[in-house]
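# Fold and geometry: a report
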Number of protein chains: 2
Amino acid sequence: MPEDPPNSAPAHGPTIYEVARRAGVSIATVSRALRDTGPVAPRTRAKVLAAVEELRFTPSRLGVSLAEGRHAANGIVFPDLSGPYYAEVVLGYEEVASELGRSVIILSARGRSNVRDQVKDLAGRVDGLVVFGHTVDDATVRELMAAGLPVVLLARAPIAGADLVASENIATAGVLTEHLLGHGYRDLTMLGASTGDDIGERWAGVTRALSAHGLTAGPPVPCEFTVDGGLAAGRDLLRRRTRPEAVICADDQVALGMLLAAEELGLDVPGDLAVTGWDDIMAARHARPALSTVRQPMRELGARAARALDELITGARATTRHQTLATELVVRTSCGEHPPQEDL
Amino acid sequence: MPEDPPNSAPAHGPTIYEVARRAGVSIATVSRALRDTGPVAPRTRAKVLAAVEELRFTPSRLGVSLAEGRHAANGIVFPDLSGPYYAEVVLGYEEVASELGRSVIILSARGRSNVRDQVKDLAGRVDGLVVFGHTVDDATVRELMAAGLPVVLLARAPIAGADLVASENIATAGVLTEHLLGHGYRDLTMLGASTGDDIGERWAGVTRALSAHGLTAGPPVPCEFTVDGGLAAGRDLLRRRTRPEAVICADDQVALGMLLAAEELGLDVPGDLAVTGWDDIMAARHARPALSTVRQPMRELGARAARALDELITGARATTRHQTLATELVVRTSCGEHPPQEDL
DNA sequence: CAGCAAAGTGGAAGCGCTTACAGTCAGCGT
DNA sequence: ACGCTGACTGTAAGCGCTTCCACTTTGCTG
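Residues numbered from 1 in each chain as written. Chains lettered and ligands numbered in written order. Predicted model: local features only at pLDDT ≥ 70, side-chain atom pairs only at ≥ 80, totals over all residues. Heavy atoms only, no water.

## Considerations on the overall build of chain A
- Of regular secondary structure, chain A possesses 13 helices and 11 strands.
- The principal-axis extent of the C-alpha atoms belonging to chain A is close to 85 × 45 × 40 Å.
- Within chain A, the fraction of its 344 residues that count as buried is 54%.
- Restricting to contacts in chain A with at least 6 residues of sequence separation, those with at least 24 account for 68%.
- With the model as given, the accessible surface of chain A reaches about 15100 Å², and the carbon-plus-sulfur share is 52%.
- Side-chain charges in chain A split into 35 positive and 44 negative, and the spacing between the mean points of these groups amounts to 7 Å. (Helix = DSSP H or I, 4+ residues; strand = E, 2+ residues; numbered from the N terminus. Buried < 20%, exposed > 50% of the residue type's maximum accessible area, 1.4 Å probe, protein only. Contact = heavy atoms within 4.5 Å. Areas by Shrake-Rupley, 256 points an atom, 1.4 Å probe, with all protein chains shown as cover. Lys, Arg positive; Asp, Glu negative; His and termini not counted. Charge placed at Lys NZ, Arg CZ, Asp CG, Glu CD.)

This is the structure in structure tokens:
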């Protein structure tokens, strides 16, 4: 690392001092003129603005933030973001945060060992933080909250004292299950084992719906939550002596892998096998057979989180709140034949 | 907006002063002990660390940055990010930036009128900026560069003095065209009019390849760069008296829409019509027929941009550099039948 | 044992801005 | 003509940290 000279003038722009000198006023006046935070004579203001213009002055955020004691920035920690799901949520978040005048600093936790340190660093740069999924251990989250940092949890298990925004899983999993039962399937398999998170909730919903019909299913089959994971698990599953009638996949990527596996083995979906996903990512609509799945309001999840965080930061709300957004079963063709109707 | 009292103790954590007092040393010593930037006696260091531990002290980034004169953060401005393409690039960027010890502040330009102001604010928060596509007008970019801010351009037209990272378009467009010609198609249609950007380059490549064979094509057909745009344009195009033999779409989303249109009209792809995309987004692999397309190294684009920016910021490199990343034709089935072979 | 260098430490000056607080001045009421 | 009020403006004290410098202490070398 090239040790650059101590005072190598970081090429930063002009400071408020230069503007003040040029306008022939004090820095206090410049500040007031710019933020309209006190009386400034019209003539003076004009001089200041002229100087600002000539120097192309933009106040240093650092200086402003240090003096104001706030960052005007929010952070978000997300799991992988590789798939389309997380990206959409982050986008929805950024959109609203931006409207609220806050920058967004992102931190991906994908395969990082030092997330804890990175999160703590991040915490020092923002006025509030969104923790997406189980990317940060509870102890760290509590510590941040204890330090006075507003935190909003997104799509994960709650923590006392923190806001939570999540989408509904259990009920819709029930609806999905009922739908499959309606097709006449009785032997359902859950693909993608997981507990304590949204996927665990989905399985709970499925199980509950089944038992309401006096049915049971085996435990969820382990599977990595990727297309390749679904493909591998699918190959394995479909070559067994007794093939399931329907496979409920933990998410769309797994389901897409499953579709690939079925195709590879010459099985017809939904003829020989029904498959469902969860999320309704873009590829779900375009797969053939088109994937039946559950749509999550991804952008809305992010947007809600941004608003909730803003309320916490500005102090507009002091109590914590849990929001659950409705999800919707999207019936396409991978789960079985349906009377023709408009949908895609 | 609730005007909170001037000194409402922002609940910020302990400062270096409190640590110093508790450890019975000066703040200078605390700083040295923490950053290992000067001699500190073992005993002293221990005391400091103990105090840090007890107080759960984390240095304020604001203070550090202001004193250091750097943010340890990078910005990235991207167009829409709705599709999978931009998200991947941003991810690749974040990953590398994070490794290099820099936070990433994102700014989406989607449908915003005040991008210019937002970018200038962003510029004040970072040590360098990546401008993705034509999200920021050239004048503003130049202004930022003139102010000494390192800038890396991503997937867009170059600007003198700024680094550029882009993926190859022209040559691969030629390869794609040759491939289609190899299938025997002569009547090719370009879908998605655009000039002066990467899509414009693709059309240039296609046109050049065609003329090398003494062929020509009509001008690119206008079309919004979304699935629905492709669908609408496809309906229109395929109902004309003379249907094209092959449609080269500006990107995968348009191509997916085209596929939908063909399906809707009962046309067989590739039997009645060949379709190609560009980007190789996830859905391209899963569509049926699977979409032939051109793969862009999306993550790598972002990663390169991050590294280039880092070089500029640290001063490891002073000259500007243009990097073009290779792209690859991915032959699937939407462009015609091929002898069976391994690929997906 | 004087004389020095090195190690360890504290003081204090910024970094760029916001914002009490304290002046300065002109216009008014009486 | 004189104090008073307001409108303006400047001074200076932070915000939390890094780091240059100067000053003490050792620990050794001649």
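Next comes the rest of the account.
## Description of the interface of chain A and chain B
- Tallying the contact residues gives 59 residues for chain A and 59 residues for chain B.
- Across the chain A/chain B interface, buried area totals approximately 5100 Å², and carbon plus sulfur atoms make up 57% of it.
- Where chain A meets chain B, there are 12 salt bridges.
- Two residues, E94 of chain B and R112 of chain A, come together in a salt bridge whose shortest N-O distance is 2.6 Å.
- The interface formed by chain A and chain B includes 20 residue pairs in polar contact (both at pLDDT 80 or more).
- Tallying contributions element by element places helix α5 (residues 84-99) of chain A first for the side of chain A that touches chain B, with eight residues. (Buried area = accessible area lost by both parts, 1.4 Å probe. Salt bridge = Lys/Arg side-chain N within 4 Å of Asp/Glu carboxyl O. Polar contact = N/O pair within 3.5 Å; in protein donor to acceptor, adjacent residues only side chain to side chain.)

## Details of the sheet that holds strand β8 (residues 274-276) of chain B
Residues and elements named next belong to chain B.
- The strand order across the open sheet formed by three strands is β6-β7-β8, and the pairing between neighbours is parallel. Edge positions in the sheet fall to β6 (188-191) and β8, since each of these pairs with one other strand and no more. With direction set aside, neighbouring strand axes in the sheet form an average angle of 20 degrees.
- Note: strand β7 (residues 246-249) against β8, three bridges, orientation parallel. Across the sheet, residue V247 finds its bridge partner in β8, namely V275.
- Against the sheet, helix α9 (residues 198-212) makes contact with β6 and β7, and its axis sits at roughly 170 degrees relative to β6, the strand it touches most. (Pairing = 2+ DSSP bridges. Axes fitted to C-alpha atoms, helices over the stretch in contact; angles between N-to-C directions.)

## Comments concerning the protein's contact with DNA strand D
- In the region of DNA strand D, 28 residues are neighbours, and S26 and T44 of chain A together with I16, S31 and R35 of chain B sit closest.
- Those atoms of DNA strand D that come within 4 Å of the protein belong to sugar or phosphate at a rate of 66%.
- With respect to DNA strand D, the side chain of R32 of chain A contributes an N or O atom lying 3.0 Å from a base nitrogen.
- A41 of chain A is positioned such that a nitrogen or oxygen atom in its backbone is 2.9 Å from a phosphate oxygen of DNA strand D.
- Of all the secondary structure elements, the ones that give two or more residues to the surface near DNA strand D are α2 (27-35) and α4 (61-68) of chain A together with α1 (16-23), α2 (27-35) and α4 (61-68) of chain B.
- In terms of residue count, α2 of chain B provides more of the surface near DNA strand D than any other element does, five residues in total. (Near = heavy atom within 4 Å.)

## Structural notes on empty space enclosed by the protein
- In total, this model carries three cavities of 30 Å³ or more according to the counting rule given.
- Of the volumes computed, that of the largest cavity is approximately 170 Å³.
- Around the largest cavity sit 14 residues that line it, and L62, H71 and R125 of chain A together with L62 and R125 of chain B are the ones nearest its centre.
- Mapped onto the lining of the largest cavity, the elements with two or more residues apiece are α4 of chain A together with α4 of chain B.
- Class assignment of the residues belonging to the lining of the largest cavity gives a composition of six nonpolar, four polar and four charged. (1 Å grid on protein atoms, 1.4 Å probe; cavity = no way out; pocket = protein on both sides within 12 Å on 5 of 7 lines; lining within 4 Å. Points joined across faces, edges and corners; volume = space filled by probe spheres on them. Nonpolar A, V, L, I, M, F, W, Y, C, P; charged D, E, K, R; others polar.)

## What to know about helix α13 (residues 298-314) of chain B
Residue and element names in this part refer to chain B.
- With 17 residues, α13 ought to run about 24 Å at 1.5 Å a step, and its terminal C-alpha atoms sit 25 Å apart, in line with that.
- Within α13, the full set of buried residues consists of M298, L301, G302, A303, A305, A306, A308, L309, D310 and L312.
- Looking at the packing, one finds that the buried side of α13 touches β1 (73-78), α5 (84-99), β3 (128-132), β4 (151-154), β5 (163-167) and β10 (322-325). (Expected span 1.5 Å × (residues − 1).)

## Section: the relation of the copies chain A and chain B
- Between the two copies, chain A and chain B, the superposition gives an RMSD of 0.2 Å; the rotation angle is 180 degrees and the shift along the axis is 0.1 Å. Taken together, the rotation and translation relating the two chain copies correspond to the operation of a two-fold axis.
- Comparing interface residues between copies, 100% of those in chain A also lie at the interface in chain B; the contact surface is shared. (Least-squares fit on C-alpha atoms with pLDDT ≥ 70 in both.)

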